[in-house]
Amino acid sequence: MSREAFVNGEYTDYSKSYVHIEDRGYQFADGVYEVFAILDSKIVDFEGHIKRLYRSLKELRINSPIQKKSYKFHIKEIIKRNIIKDGNVYLQITRGVASRDFKFPENSKSSIVIIGKNIPSNYYNDNFSKGINVKTTKDIRWKRVDIKSLNLLPPVLAKQYAVDNNCAEAWLLDEEGYITEGSSSNAWIVKNKTVITRPTSFSILNGITRTTLIKSLMKVGYKLAERKFNLRDIKDADEAFITSATQFVMPVTKVNNIKIGNGNVGEFGQKDMPLTL
Ligand code: PMP
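Residues numbered from 1 in each chain as written. Predicted model: local features only at pLDDT ≥ 70, side-chain atom pairs only at ≥ 80, totals over all residues. Heavy atoms only, no water.

1. With respect to unusual backbone geometry
Note the cut-off: Strands here are runs of E lasting at least two residues and helices are runs of H or I lasting at least four, both read from the DSSP assignment and numbered beginning at the N terminus. Accessible area is worked out with a 1.4 Å probe on protein chains only. A residue is then buried under 20% of its type maximum, exposed over 50%, and partly exposed in between.
Here the phi dihedral of R61 falls at roughly 55°; this positive angle occurs in a residue that is not glycine. With respect to the helices, strands and loops of the structure, R61 is situated in the loop between α2 (46-60) and α3 (70-81). In this structure R61 comes out as exposed when scored by relative accessible area, which is 63%. Of note, F248 is a non-glycine position whose phi angle comes to about 55°, a positive value. With respect to the helices and strands, the residue F248 is situated in strand β14 (residues 248-255).

2. As for α3
Rules: Expected helix span is computed as 1.5 Å times (number of residues minus one).
A rise of 1.5 Å per residue sets the reference length of α3, with its 12 residues, at 16 Å; its end C-alpha atoms lie 16 Å apart and thus fit the reference within 8%. Buried within α3 are the following residues: S70, Y71, H74, I75, E77, I78 and I79.

3. Comments concerning the domain arrangement of the chain
Test applied: In this entry, domain limits derive from an automatic or database-based domain assignment. Residue contacts follow a heavy-atom distance rule, with two residues in contact if any of their heavy atoms lie within 4.5 Å. When two components associate, each loses some accessible surface as probed by a 1.4 Å sphere; the sum of these losses over both components is called the buried area. A carboxyl oxygen of Asp or Glu within 4 Å of a side-chain nitrogen of Lys or Arg is what we treat as a salt bridge. A 3.5 Å cut-off defines polar contacts: any pair of N or O atoms within that distance qualifies, except that in protein one atom must be a possible hydrogen donor and the other a possible acceptor, and neighbouring residues in sequence count only when both atoms are side-chain atoms.
Taken as a whole, the chain is organised into domain 1 (4-119) and domain 2 (124-269). Of note, the centres of domain 1 and domain 2, computed from C-alpha atoms alone, are 26 Å apart. On the domain 2 side, the residues contacting the 21 residues of domain 1 number 17 residues. For the pair domain 1 and domain 2, the two sides together bury roughly 1,600 Å², of which 66% comes from carbon and sulfur. Where domain 1 touches domain 2, the interface holds two salt bridges. Here domain 1 is connected to domain 2 by seven residue pairs in polar contact (both at pLDDT 80 or more). Elements supplying a minimum of two residues to the side of domain 1 that touches domain 2: β3 (31-39), α2 and β5 (87-94).

4. Considerations on helix α6 (residues 208-216)
Among the residues making up α6, those that are buried are I208, T209, R210, T212, L213 and S216. For α6, the elements touching its buried residues are α2, β10 (186-191), β11 (194-197), β12 (223-226), β13 (239-244) and β14.

5. Section: the pattern of salt bridges
If charged atoms from side chains of opposite charge come close, those side chains can pair. According to the stated counting rule, one finds 24 salt bridges in the structure shown. Among the salt bridges present, the one from D86 reaches K85, with a minimum N-O distance of 3.7 Å. Under the relative-accessibility criterion, D86 is labelled buried at 12%. Taking relative accessible area as the criterion, K85 reaches 46% and is therefore assigned partly exposed. K228 is paired through a salt bridge with E176; the nearest N and O atoms lie 4.0 Å apart. With K228 in the loop between β12 and α7 (231-235) and E176 in the loop between β8 (169-173) and β9 (179-182), this pair connects stretches of sequence that are 52 residues apart. Connected through salt bridges with shared partners, the residues E4, E77, K80 and R81 form a single ionic network.

6. Considerations on the site of the ligand
Just so we agree on the cut-off: If a single non-hydrogen atom of a residue is within 4 Å of a molecule or strand, that residue counts as near it. Method for areas: the Shrake-Rupley scheme with a 1.4 Å probe, in which residue coverage is limited to the protein chains shown. Under this grouping Gly is polar, as are all residues other than the nonpolar Ala, Val, Leu, Ile, Met, Phe, Trp, Tyr, Cys and Pro and the charged Asp, Glu, Lys and Arg.
Contacts to the ligand come from 17 residues, most closely from K148, E181, I208, T209 and A245. The contact in question runs from a nitrogen atom of the ligand to an N or O atom on the side chain of K148, over 2.4 Å. E181 places a side-chain nitrogen or oxygen 2.6 Å from a nitrogen atom of the ligand. In isolation the ligand exposes 390 Å². Once the protein is present, 92% of that is buried. Elements with a contribution of two residues or more to the shell around the ligand: α2, β9, α6 and β13. Partitioned by chemical class, the residues of the shell around the ligand number three nonpolar, 10 polar and four charged.

7. Remarks on the side chain of T94
The residue T94 is located in strand β5 in this model. For T94, a relative accessible area of 2% corresponds to the buried category. For T94, the contacting residues outside a window of four places in its chain are D23, G25, D30, G31, I62, S110, S111 and L150.

8. Observations regarding the packing of aromatic side chains
We count it as follows: Any two of the Phe, Tyr and Trp rings considered here, Trp counted by its six-membered ring, make a pair once their centres fall within 6.5 Å; the pair's planes then place it as stacked at under 30 degrees, edge-to-face at over 60, or tilted in between. We count a charge as sitting over a ring when the NZ of a lysine or the CZ of an arginine lies within 6 Å of the ring centre and within 35 degrees of the ring normal.
Scanning the entire structure with this criterion turns up 11 aromatic pairs. Measuring from centroid to centroid gives 5.2 Å for W188 and F241, while their planes differ by 15°, and the two rings are stacked. On the criterion of sequence distance, the pair formed by W188 in strand β10 and F241 in strand β13 is long-range, its members being 53 residues apart. The exposure classification of W188 matches that of F241, with both residues buried. Every member of this aromatic cluster is reached through a ring pair, and the members are W188, Y222, F241 and F268. Its guanidinium or amino end placed over the ring of Y54, K68 lies 4.5 Å from that ring's centre, counting from NZ or CZ.

Next comes the structure, spelled out in structure tokens:
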């Protein structure tokens, strides 16, 4: 099947979709992105992702290349043109094309790219039922990771370090040994029917899945504690998990090869948490 992408106002053949060599995303990671989960051809948490996109754009003083109301149309169009049932849509905006110079260009127009892909609905089933292994590593990211920017080299290195150690995710440690979050997910532990996650600040990305999950906790009889946790808390936890738009609530059964609880997916990890479609 042929795939199509949305590139700066046009729908293009995926295999022939290009951006300019002097796009500031390419040279400086000067841009932002969002990943929307697609379930049954519907966009999950659309409003939350758009709100965060506009916040990221504002923080970096990048103009939206299209009107706010047009985002839904183009994402839906990508879903339709690529016949996406379950999968995700990746949307990236950069400060645009200009001759390489650190300062903002005076007249550049922001670039936008939207790409969609199908992911089989059973793709993560094995991980959901067994749980994933996590490896901890130092958080070497910049000090504004609340902005969903393209500045992703530290999480790339962290994820590869995890994979090299037979783990599916890396949990990042701050200077005091507390977990900030995962390389591409928020990090959580569960103790005595309370789910614990780091409070939002400049040090973590405020996950859309995180927000949705918090809203649903009461319904399933769990309490929330927004506080920092470290390796000692992890060893003492009943359960652990990560959240992200692509993996929703994914159980973690080992951290640094140490079993969490009895090493199996626990009660919370087995729950089907509601999503906002
Ligand atoms: N933290 C980081 C560093 C991430 O990259 C992601 C995934 N985008 C998340 C948290 C989870 O955010 P969301 O639930 O919005 O996907």
